Amino acid sequence: MEEGTIVTGGCHCGAVRFEALIREPRPELLDCNCSMCSKTGFLHLIVPREDFTLVSGEEALTSYRFGTGAANHIFCKHCGIKSFYQPRSHPEAWSVNYRALDDGHGLDVTVRAFDGRNWEAAREGL
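Residues numbered from 1 in each chain as written. Predicted model: local features only at pLDDT ≥ 70, side-chain atom pairs only at ≥ 80, totals over all residues. Heavy atoms only, no water.

Undergrad: Which parts of the structure should I look at to understand the pairing of strand β1 (residues 5-10)?
TA: Looking along a regular strand, one sees side chains alternate from face to face of the sheet. Pairing of β1 with strand β2 (residues 17-22) involves six bridges; the strand directions are antiparallel. Residue pairing across strands places Thr5 opposite Ile22, the latter belonging to β2. Following β1, the chain reverses through six residues before pairing antiparallel with β2; Gly14 in that reversal takes a positive phi of roughly 90°. (Pairing = 2+ DSSP bridges. Helix = DSSP H or I, 4+ residues; strand = E, 2+ residues; numbered from the N terminus.)

Undergrad: Help me understand the pattern of salt bridges in this model?
TA: Pairing between side chains of opposite charge can happen when their charged atoms approach one another. Taken as a whole and assessed by the stated rule, the structure comprises five salt bridges. Among the salt bridges present, the one from Asp102 reaches Arg17, with a minimum N-O distance of 2.5 Å. Within this pair, whereas Asp102 is found in the loop between β9 (93-97) and β10 (110-114), its partner Arg17 is found in strand β2, the two being separated by 85 residues in sequence. Judged by its relative accessible area of 25%, Asp102 is partly exposed. In this structure, the salt-bridge partner of Asp51 is Arg23, at a minimum N-O distance of 2.7 Å. With Asp51 in the loop between β4 (43-48) and β5 (52-56) and Arg23 in the loop between β2 and β3 (28-32), the pair connects residues that are 28 residues apart, well separated along the chain. Judged by its relative accessible area of 7%, Asp51 falls in the buried class. (Salt bridge = Lys/Arg side-chain N within 4 Å of Asp/Glu carboxyl O. Buried < 20%, exposed > 50% of the residue type's maximum accessible area, 1.4 Å probe, protein only.)

Undergrad: Help me understand the sheet that holds strand β8 (residues 84-85) in this model?
TA: Pairing between the strands of a sheet is mediated by backbone hydrogen bonds and can be parallel or antiparallel. Judged by pairing direction, the sheet is mixed, and its five strands sit side by side in the order β8-β9-β4-β3-β10 without closing on themselves. With partners counted over all chains shown, the strands left at the sheet margins are β8 and β10, one partner each. In this structure, β3 lies alongside β10, joined through five bridges in parallel fashion. Bridge pairing in β10 places Leu30 opposite Arg112.

Undergrad: Hey, could you run me through the nonpolar core in this one?
TA: Across soluble globular proteins, you tend to see nonpolar side chains buried next to one another. Membership of the largest hydrophobic core comes to 21 residues, with the highest contact counts inside it found for Leu45, Phe52, Phe84, Val96, Leu101 and Leu107. Counting only elements with at least two residues in this core, the list comes to β2, β4, β7 (73-76) and β9. Cys37, Ala71, Trp119 and Ala122 belong to the second largest nonpolar core, which has twelve residues in total. (Core = buried A, V, L, I, M, F, W, Y, C linked by side-chain atoms within 4.5 Å.)

Undergrad: Please explain the packing of aromatic side chains as it appears in this structure.
TA: Scanning the model with the defined rule gives seven aromatic pairs in all. Between Phe18 and Phe84, the aromatic rings sit 6.2 Å apart at their centres with planes inclined by 65°, giving edge-to-face as the arrangement. Residue Phe18 is located in strand β2, and its partner Phe84 is located in strand β8; the two are separated by 66 residues in the primary sequence. Neither residue differs from the other here; Phe18 and Phe84 are each classed as buried. Ring geometry for Phe42 and Tyr85: centres 5.2 Å apart, planes at 90°, overall edge-to-face. (Phe/Tyr/Trp six-rings, centres within 6.5 Å; stacked < 30°, edge-to-face > 60°.)

Undergrad: Is there a simple way to think about the pairing of β3 in this case?
TA: With two bridges connecting them, β3 and β4 associate as antiparallel partners. Of the residues in β4, the one forming a bridge with Asp31 is Leu43.

Undergrad: What is the right way to read the side chain of His44 from this model?
TA: Mapped onto the fold, His44 is located in strand β4. The exposure class assigned to His44 is buried, which follows from its relative accessible area of 6%. In terms of polar contacts, His44 uses its side chain to reach the side chain of Ser95, at 2.7 Å. Sequence-distant contacts of His44, that is, excluding residues within four places in its chain, are made with Glu28, Leu29, Leu30, Cys32, Cys37, Tyr85, Ser95 and Val96. (Polar contact = N/O pair within 3.5 Å; in protein donor to acceptor, adjacent residues only side chain to side chain. Contact = heavy atoms within 4.5 Å.)

So, in structure tokens, the structure goes:
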């Protein structure tokens, strides 16, 4: 058994469900001010690919790319919720929306502002 906390979550309608292993005792969330995150309220919990499992709903997912196209914004095509996606900043990981986690996960987190409006300069600080 891997050491850490297993969290679960998904979209609003329940079609998309995931689980993730959070290894850090106090994970850091990124609160990004880019055009996408500021409009959706996404709080980034970065999870390495090997620690993330899509439990159900692959057929319910659709994607949207803009700008450089490096980020793959993945949404439930039924309810529109983006519970996780492939971020430009961490190509080796998924970004899970902390707000899409199920209640009762027990994570003790810190939040750090990320200046996504000035992405190139801010990326260096990650």
